[in-house]
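Next come the chains, spelled out residue by residue.
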Amino acid sequence: MLKTHYCGELRKEHVGQEVTLAGWVNRRRDHGRLIFIDLRDSRGLVQVVINPEVAPEAHAVAGDVRSEYVLQVRGEVVARRPGTENRGLPSGEIEVRVLALQVLNPSKTPPFYISEEVEVEELLRMRYRYLDLRRERMQRNMWMRHRAIKWIRDFLGEKGFIEVETPVLANATPEGARDYLVPSRVNKGSFYALPQSPQQFKQLLMVSGFENYFQIAHCFRDEDLRADRQPEFTQLDMEMSFVTVDDVLELMEELHAGVATAMRPDVKVVRPFTRLTYEEAMTRFGSDKPDLRYGMELVDFSDLAGASEFSGFRKAVESGGSVKGICVPGGAQFSRKDIDGLTSFVQNFGARGLISAALMGEGDIARLTEEDIRSPMHKYLPVEMVKAMAQRAAAQRGDLLIMVAGEKMASRTAAGSHHRVPLALDGLRREIAARLNLADPKTYHFALITGFPLLEWNEEDQRWYAVHHPFTSPVPEDLPYLDSDPGRVRAQAYDVVWNGVEVGGGSIRIHQRDVQQRMFAALGIAPEEAEQRFGHMMEAFEYGAPPHGGIAMGLDRIIALLTDNEDIREVIAFPKTKTASDPMTGSPSPVAQEQLDTLGIRLAKGSRAAAP
Ligand code: ASP
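Remember, predicted model here, so these are calculated numbers, not experimental data.

Before going further, it helps to examine the site of the ligand. Glu175, Gln199, Lys202, Gln235 and Arg509 are the nearest of the 14 residues found near the ligand. Within the contact set of the ligand, a nitrogen atom lies 3.3 Å away from a side-chain nitrogen or oxygen of Ser197. Notes on the ligand: free accessible area 270 Å², of which the protein chains cover 92%. Mapped onto the shell around the ligand, the elements with two or more residues apiece are helix H5 (199-207), strand S23 (501-508) and strand S24 (548-554). Looking at the shell around the ligand element by element, the count peaks at three residues for S24.

Shown next, in the form of structure tokens:
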């Protein structure tokens, strides 16, 4: 090797040794006679000192060295003079007195600082991703990813799980997104689909008798990108035979609490994990992925508001909709501008607006007077109504009540009724929590959600869609309604939510041919089409398919949570931009006509990309 030691690993016990190091110039300081270089490699920094009297040639070379040059240095490890130690640096008690120095490769001036934690424009970071990844924070993120995956592999290995790779060139499997297609040269006119998940293969592995499968699986979904979505991403995919919902959820608690504690001993994991049904989560938080680190639960004011003079309230309730709200602790100090901001915020969620009432004054809420209520809608808010709302919300003086009204929305699913109010209040709850710093970053609070509806009616397409996917088993006692009243059928499905982020979901599966056929029928898939697309699954179920279930976790989201990031691109080495492209390699890119000819593909008029 070109080095005997790693820079960041030198300590007091190396004092007196001659070492050879190789790494990058993090920073160079010229003190006239002495030149100091912080030399960096993958394991950290060490200070090297070049003294012209000790090493005149090295000193001459070091004079021209710049940031990010790659150097090899030979020198002696010496203790730093008392008073010059750097406590902030693990190698800060020592330095390397240079005997010889060689430039292995110079560097152009990087487009952004590598050695400092500075905000860099996204496109520039992506264009020079190899330099972005050289930064300490990104190195830390990638190491966290490596360590967490290793922990998970060891954990599941000990539990008797086998890791099996499944094909990337496959047939489409429905997970609700568009497929990435790959044309087949050998079978012209036919296409593979990159897997949205290994769903079908992992179920078939259960039929094969493996019983406990997992995979760190690459998945592909062509959908609109957001901070927590990438066209290709990684799942921790699992499937188990002979398990119930509870078995899967217990394993999930052990796995998540385990990896979180091992990776982030500084963060408190709330245990046991909170279990909520879908209904409960929607009623209390307006969301099936609530952040449980703070309160501000939704309160139903429909009965109180419905009796008021205010037509906005009355109409909502009379139509079968609702008036719900939250109580913002200490929110009475919000300015008019703050409230206006929140109003436009809820309008983004389809709500007409919000009504706020600040509870001023002193003393028990029961003694609230008209003068104590501050609200832009003051005249519509009789003191008795506000008092009753405040009491229901367990509000105190100094708090702010916020109410949102919404008319009933057409929906054939029990769970889908008057969706707008909860949606707006969920958004509001998150927004206010962020503004007031209510979510403790040193707490991991998980929720395990069950009791999802199996199907969801889509008004536009006039058909039912699977809420999870078509292989999800109904709750057995709801099975009779699958054909007659699909909207009331609950699924044996579950989600894992971590600090308000949905990190994964899964279900107990259908393992009988006839039930699977009825499910396809409920989804409006004709028997011939079902046979053509999923015949292999139904056939496999006829050869002794064990009852089975599983789950898949968004691994990138998990790593983001473990590294306090919101954007999963911070924990993926080479992610794509929001337009699904890579400014570094230039992908996707046009291909030569010849290549298209080989595949039997002709581009539609106007769809040819400009040559690079
Ligand atoms: N295949 C599902 C998904 O990707 C997860 C599962 O059901 O195991 O969401």
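Next comes the rest of the account.
A word on unusual backbone geometry. Cis geometry marks the peptide bond from Arg271 to Pro272, where omega comes out at -5°. Along the chain, Pro272 falls in the loop between strand S11 (268-269) and strand S12 (274-277). Each neighbour pair has its own omega, and for Ser587 with Pro588 the value is 0°, a cis peptide bond. Mapped onto the elements of the fold, Pro588 is located in the loop between helix H16 (555-562) and helix H17 (593-599). Its identity is not glycine, yet Ala394 carries a phi of approximately 50°, on the positive side. Take Ala394: its relative accessible area is 57%, and that puts it in the exposed class. Although it is not a glycine, Asn437 adopts a positive phi angle of roughly 55°. Looking at where Asn437 falls in the secondary structure, it is placed in the loop between helix H12 (420-435) and strand S18 (443-444).

What follows is about the confidence of the model for the protein chain. Averaged over every residue, the pLDDT of the protein chain is 94; residues scoring 70 or more account for 98%. Note that pLDDT drops below 50 for residues 414-418; the model gives that stretch 13 contacts with residues more than four away or on any other chain.

Pairing is mixed across the open sheet formed by eight strands, whose spatial order is S6-S9-S10-S24-S23-S22-S19-S12. Strands with a single pairing partner mark the edges of an open sheet, and in this sheet they are strand S6 (162-163) and S12. Where helix H6 (residues 245-263) meets the sheet, its contacts fall on strand S10 (232-241), S12, strand S19 (446-450), strand S22 (493-498), S23 and S24, and the angle it forms with S22 comes to roughly 15°.

What follows deals with the pattern of salt bridges. Oppositely charged side chains are able to pair whenever their charged atoms sit close together. In this structure the tally under the stated criterion is 53 salt bridges. Ionic pairing is found between Asp30 and Arg28, a salt bridge with its closest N-O pair at 3.7 Å. Take Asp30: its relative accessible area is 42%, and that puts it in the partly exposed class. Taking relative accessible area as the criterion, Arg28 reaches 25% and is therefore assigned partly exposed. Taking the shortest distance from any N to any O, the salt bridge between Arg137 and Glu570 comes out at 3.1 Å. Residue Arg137 is found in helix H4 (residues 136-158), and its partner Glu570 is found in the loop between H16 and H17; the two are separated by 433 residues along the sequence. Per residue, the accessibility class of Arg137 equals that of Glu570, and both read buried. Among the charged side chains, a salt-bridge network with shared partners connects Glu117, Glu122, Arg125, Arg129, Asp132, Arg135, Arg137, Asp567, Arg569 and Glu570.

Another point: the nonpolar core. If you look at the biggest cluster of nonpolar residues, it comprises 45 residues, and the most contacted ones within it are Leu156, Leu236, Met238, Trp498 and Met553. In terms of residue count, H6 provides more of this core than any other element does, 10 residues in total. Beyond its immediate chain neighbours, meaning those up to four positions away, Met553 contacts Thr234, Gln235, Leu236, Met238, Met252, His256, Val496, Val503, Gly504 and Ile558. With 32 residues, the next largest nonpolar core counts Phe285, Leu292, Phe452 and Met537 among its residues.

Looking now at the pairing of strand S9 (residues 212-220). By the criterion of burial, S9 is predominantly enclosed, with seven of the nine residues buried. Looking at chain direction, S6 and S9 are connected through two bridges and run parallel. Bridging from a neighbouring strand, Ile162 pairs with Tyr213 of S9. As paired elements, S9 and S10 share nine bridges and run antiparallel to each other.

Spatially, the five strands line up as an open sheet ordered S13-S14-S17-S15-S16, and their pairing is antiparallel. Edge positions in the open sheet fall to strand S13 (299-300) and strand S16 (373-374), since each of these has one partner strand only. In the packing of H12 onto the sheet, contacts are made with strand S14 (322-328) and strand S17 (400-406), and the angle to S14 comes to roughly 10°.

The rules behind these values
- Residues numbered from 1 in each chain as written.
- Predicted model: local features only at pLDDT ≥ 70, side-chain atom pairs only at ≥ 80, totals over all residues.
- Heavy atoms only, no water.
- Near = heavy atom within 4 Å.
- Polar contact = N/O pair within 3.5 Å; in protein donor to acceptor, adjacent residues only side chain to side chain.
- Areas by Shrake-Rupley, 256 points an atom, 1.4 Å probe, with all protein chains shown as cover.
- Helix = DSSP H or I, 4+ residues; strand = E, 2+ residues; numbered from the N terminus.
- Buried < 20%, exposed > 50% of the residue type's maximum accessible area, 1.4 Å probe, protein only.
- pLDDT = per-residue confidence, 0-100.
- Contact = heavy atoms within 4.5 Å.
- Pairing = 2+ DSSP bridges.
- Axes fitted to C-alpha atoms, helices over the stretch in contact; angles between N-to-C directions.
- Salt bridge = Lys/Arg side-chain N within 4 Å of Asp/Glu carboxyl O.
- Core = buried A, V, L, I, M, F, W, Y, C linked by side-chain atoms within 4.5 Å.

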